[in-house]
Amino acid sequence: MYRTLCLLLLCLPLAATAADALRIGVSGPFTGGSAPMGISMRNGIRLAAEEINRQGGIRGRPLLLVERDDMGRSDIGIRVARELTLHQRVIASVGFVNSGVALASQGLYQQAGIPAITAVATAPKVTEQFAPPKYPLNYVFRVAASDAQQAPLIVREAKRSGLTRLAIFHDKTNYGRIGEEELIKALRGQGLSPVYIGQFRLGERDMIAQLSRARDLRAQAILTYAIGPELAQIANSLAQMDWRPQLIGSWTLSMSNFIDDAGPNAEGARMVQTFISDSADPLRQDFVARYLGTFGGRRIPSAVSAAQGYDSMLLLAAALRHSASTDGKAIVRALENLPAPVKGVITTYQRPFSATDHDAIDLAVPVIGKLQHGEVVHAYSSERTQKRRP
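Note that the structure is a prediction, hence the values are computed from the model and not measured. (Residues numbered from 1 in each chain as written. Predicted model: local features only at pLDDT ≥ 70, side-chain atom pairs only at ≥ 80, totals over all residues. Heavy atoms only, no water.)

Visitor: How would you sum up the pairing of strand β1 (residues 22-28)? Please name residues and give values.
Guide: In summary, the side chains of a regular strand alternate between the two faces of the sheet. For β1, a buried count of seven out of seven residues is recorded, marking the element as mostly surrounded by other parts of the structure. By the alternation rule, side chains of β1 split into L22, I24, V26 and G28 and R23, G25 and S27, which are all buried. As judged from the seven bridges shared by β1 and strand β2 (residues 63-69), these two strands associate in the parallel manner. In the sheet register, I24 faces β2, and the bridge partner there is L65. (Buried < 20%, exposed > 50% of the residue type's maximum accessible area, 1.4 Å probe, protein only. Helix = DSSP H or I, 4+ residues; strand = E, 2+ residues; numbered from the N terminus. Pairing = 2+ DSSP bridges.)

Visitor: An account of the pairing of strand β8 (residues 221-225) is requested, with residue identities and associated values reported.
Guide: Counting buried residues in β8 gives five out of five residues, a clear majority hidden from the surface. Every second residue of β8 is oriented toward a common face, with A221, L223 and Y225 on one face and I222 and T224 on the other, all of them buried. Considered for its hand, the β-α-β crossover made up of β8, helix α8 (residues 228-241) and strand β9 (residues 246-249) is right-handed. (Right-handed = clockwise from strand over helix to strand, strands pointing away.)

Visitor: Please provide a residue-by-residue account of the sheet that holds strand β10 (residues 270-273), values included.
Guide: The mixed open sheet is built from seven strands, whose spatial order is β7-β6-β8-β9-β10-β13-β14. Of all strands in the sheet, those with a lone pairing partner are β7 (196-200) and β14 (375-378), marking the two edges. Going from strand to strand, the sheet's axes swing by 30° on average, the running direction of each strand aside. Pairing of β8 with β9, which is carried by four bridges, proceeds in the parallel orientation. Bridge pairing in β9 links I222 to L247. Strand contacts of helix α5 (residues 147-160): β6 (166-171), β8, β9, β10 and β13 (367-372), with the helix running at about 170° to β8, the strand carrying the most contacts. (Axes fitted to C-alpha atoms, helices over the stretch in contact; angles between N-to-C directions. Contact = heavy atoms within 4.5 Å.)

Visitor: Which residues make up the sheet that holds strand β4 (residues 116-118), and what values go with them?
Guide: Backbone hydrogen bonds hold the strands of a sheet together, and the pairing may be parallel or antiparallel. Read from one edge of the open sheet, five strands run β2-β1-β3-β4-β5, paired in parallel fashion. Each edge of the open sheet is held by one strand with a lone partner, namely β2 and β5 (140-142). Pairwise comparison of adjacent strand axes, ignoring direction, gives a mean angle of 25° for this sheet. Summarising the sheet, strand β3 (residues 92-95) and β4 pair through three bridges and their orientation is parallel. Its bridge partner being in β4, S93 is matched across the sheet by A116.

Coordinates in, geometry out; function isn't part of it.
This is the structure we're talking about:
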């Protein structure tokens, strides 16, 4: 980690030292089942920070990333947040992958008056936990499509395919339970209800018993809210049963450990995405090329996480340039009042935040992806060629 931090400083074309640096916390699961998301997010943040430093930093001061692994565990996330806010002197944070970790630990940033931009976690409550009028100033922001946005799109995709007998399968984490609630709400809005709801623990190896109940109830599609390893078990169990309902779910169906562990059984799965690597947009293509050129690999383990991490860092940098100081209140006000568009790889952000709305992604941004020959591609070709929305 520290070698990377030094490299970020060395990229500056000016005589800067670590003492001059603006310290930015970066926390996420860099090990464990959520690691494809955490590592991809961290690498996207690193790319943005290196780019900013190469251009001279923020008013001549470099960004220095202080990275910590929360392992996707709330208890460790709280410990990391305490260290970053109390001992590492960070002026802001970018990170949070798991919704449970975010909800458990972001209160420490709120209490310390340090802005925290969530780059991956999707629970609606993430940006609502400290919202006005209950709190005079909300220090939590997000650059990700919330579950309240994703669930209606999942249901819409099922109906678009003529599928109305729908089962829900989710893990027992906060992420899965919140996803279930949002899916039921979205189904109800369409006059539907799930024919079956299956729940499972992290590490579950055999989904056949629950999937058999869904099949007996003539489910046409499985709507999912879980992460890669367990999603792979669903796909592999379906293959063992020789039953092929459509898999449609949240953005995590694009995780590399789902694609790799399920292999051909993942083929055709559909999911909500804010970023897909096969885009025809030159800026997005350049981002993917730079990521793979810097970090290696055949594909980005979680392209959505990488892009959201990258854009989060760009938005924070824009606020730091606009802010009167590095005081937390000043940075929050700057984020809420960005004066100029910020060109990210997901979209071009025009006033993405306000005092009452700390979610940068709106419903015009997400698209539907599908797995084809082991790669996430646009399910609809018209969305592949569309320009980044201003």
